[in-house]
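# Chains, contacts and geometry: an overview
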Amino acid sequence: MKIGIIGLGLIGGSIFKDLKKLGFDVIAVSNSQSGENIYKNYDVLKDCNLVFVCSAMNKTLNILDKLETILPQETIVTDVCSLKNFVCKKKRPYRFVPTHPMAGTEHKGFENSFEGLFKDAKWVLTPVFGESEELVEIIKKLGAKPIITTPDKHDEAAALISHMPMVIAQAIFKTAQDNPLALEMAASGFRDMTRLAMSNTEMANDMVQMNSENIQTSILKLYKAIGDLTNSNYREQIEEIKKNRQLMF
């Protein structure tokens, strides 16, 4: 199987490095990187069996459109965007299977990519146009666990466990930043709580702009949860939270 990757940022670069280590015939198209098996022209992808589109969300639709003029209909194409509804509006002439790997760091760029990023990670697929066993097998070889759902359910869940926490982390830092003593006292708890405030700016902006309704709904649910916690039975509630979280991780 020949695999192509468009975009060598954190996610694309990590896929590239993992697939090379696994012995796959892998090539990449990148405007920012150069080297062995890295090209500038999309035409090199035309004989690939599988193509990962690892671009910023605001560029992904244009790339998917461009691939329509290059790839044969049997080629499997997947994106890695953290939102799925917007890429599922149009049926493509190739075998398009939208996905979202639930992995990453607060850093960006090829220089921060690494082998093993996807080990034990969840990798969500929303196969509204048809499934691909070949893609699922590649995801498993990367060390990830496939999860199948719909675009709507994905975007709602992503707001709860990824997009809303990022906004909250940014808000926590913004709330404390004008208090010099608070910043001087800040230690590991504050550092860990605000790690997501360091998220890739372009990606963060795309998420907030494109998933605003789900994020707003998630924040309203957060307000209610805070109210419930502070109104009664706090000890019992936090014990239940601790128990449930231990079952998750």
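In short, a report on the structure. The residue count restarts for each chain, going from 1 along the sequence in the order it is written. In keeping with the model being predicted, local features are shown solely for residues with a pLDDT of at least 70 and side-chain atom pairs are shown and tallied solely at 80 or more, while totals for entire chains, interfaces and linings include all residues. To get the side-chain values, all heavy atoms of the structure are used, and hydrogens and water are removed first.

All right, on to the side chain of R92 then. Numbered from the N terminus, helices here are DSSP runs of H or I no shorter than four residues, and strands are runs of E no shorter than two. Relative to the helices and strands, R92 resides in the loop between β5 (76–79) and β6 (95–96). Three exposure classes are used, based on accessible area relative to the maximum for each residue type with a 1.4 Å probe and protein chains only: buried under 20%, partly exposed in between, and exposed over 50%. Taking relative accessible area as the criterion, R92 reaches 7% and is therefore assigned buried. For the purposes of these results, a polar contact is taken to be a pair of N or O atoms within 3.5 Å, where, inside protein, one atom must be able to donate a hydrogen and its partner to accept one; residues adjacent in sequence count only when each atom of the pair is a side-chain atom. For R92, the side chain forms a polar contact with the side chain of E68, separated by 2.9 Å. When checking whether two residues touch, look at their non-hydrogen atoms; a contact exists if any pair is within 4.5 Å. Setting aside residues up to four positions removed in sequence, R92 forms contacts with L61, L64, D65 and E68.

Time to look at the packing of aromatic side chains. The pairing test for Phe, Tyr and Trp rings, Trp by its six-membered ring, is centres within 6.5 Å, and the orientation test on the planes gives stacked under 30 degrees, edge-to-face over 60, and tilted for anything in between. For the structure shown, the criterion picks out five aromatic pairs. An angle of 35° between the planes, with centres 5.9 Å apart, marks the rings of F173 and F190 as tilted. One end of the pair, F173, is in helix α4 (residues 151–176); the other, F190, is in helix α6 (residues 188–193), with 17 residues separating them in the sequence. Through pairs of rings, three or more aromatic residues link up here, namely F52, F118 and W123. Here, a charge over a ring means that NZ of Lys or CZ of Arg falls within 6 Å of the ring centre while also lying within 35 degrees of the ring normal. The ring centre of F110 lies 4.4 Å from the NZ or CZ of K17, which sits over that ring.

In this text, buried Ala, Val, Leu, Ile, Met, Phe, Trp, Tyr and Cys residues form a nonpolar core when linked through side-chain atoms within 4.5 Å. If you look at the biggest cluster of nonpolar residues, it comprises 27 residues, and the most contacted ones within it are I5, I15, L19, F52 and W123. When contributions to this core are tallied by element, the ones reaching two or more residues are β1 (2–6), α1 (10–21), β2 (25–29), β4 (50–53), β8 (122–125) and α3 (133–141). Per element, the largest residue contribution to this core is five residues, and it comes from α1. Residues contacting I15, with those up to four places away along its chain left out, are I5, F52, C54, V80, F118 and W123.

Expected helix span is given by 1.5 Å per residue-to-residue step, counting one fewer step than there are residues. For α1, with twelve residues, the first-to-last C-alpha span of 17 Å sits near the 16 Å given by 1.5 Å per residue. By the criterion of burial, α1 is predominantly enclosed, with nine of the twelve residues buried. The complete set of buried residues in α1 reads L10, I11, G12, G13, S14, I15, F16, D18 and L19. Backbone geometry just after α1 places G23 at a positive phi near 90°.

The next point concerns the environment of L64. Within the secondary structure, L64 is located in helix α2 (residues 57–67). Once the C-alpha coordinates of L64 and K84 are considered, the two residues, 20 residues apart in sequence, prove to be 14 Å apart. Residues in contact with L64, not counting those within four places in the same chain, are V53, V77, V87, R92, Y94 and F96.

Take the environment of L135 next. By secondary structure assignment, the location of L135 is in helix α3. L135 sits 38 residues away from V97 along the chain, and the two C-alpha atoms are 8.4 Å apart. If near-sequence neighbours (up to four positions away) are discounted, L135 is found in contact with L50, F52, I76, T78, V97, T99 and L125.

The three strands lie next to each other as β7-β8-β9, forming an open sheet whose pairing is mixed. Sheet topology places β7 (99–102) and β9 (145–148) at the edges, where each strand pairs with a single neighbour. Put simply, the sheet's adjacent strands are angled 25° from each other on average, direction ignored. With four bridges connecting them, β8 and β9 associate as parallel partners. The residue of β9 that forms the bridge with V124 is I147. We treat two strands as partners when DSSP finds at least two bridges between them. What counts as an axis is a line fitted to C-alpha atoms, over the stretch in contact for a helix, and the angles between N-to-C directions run from 0 to 180 degrees.

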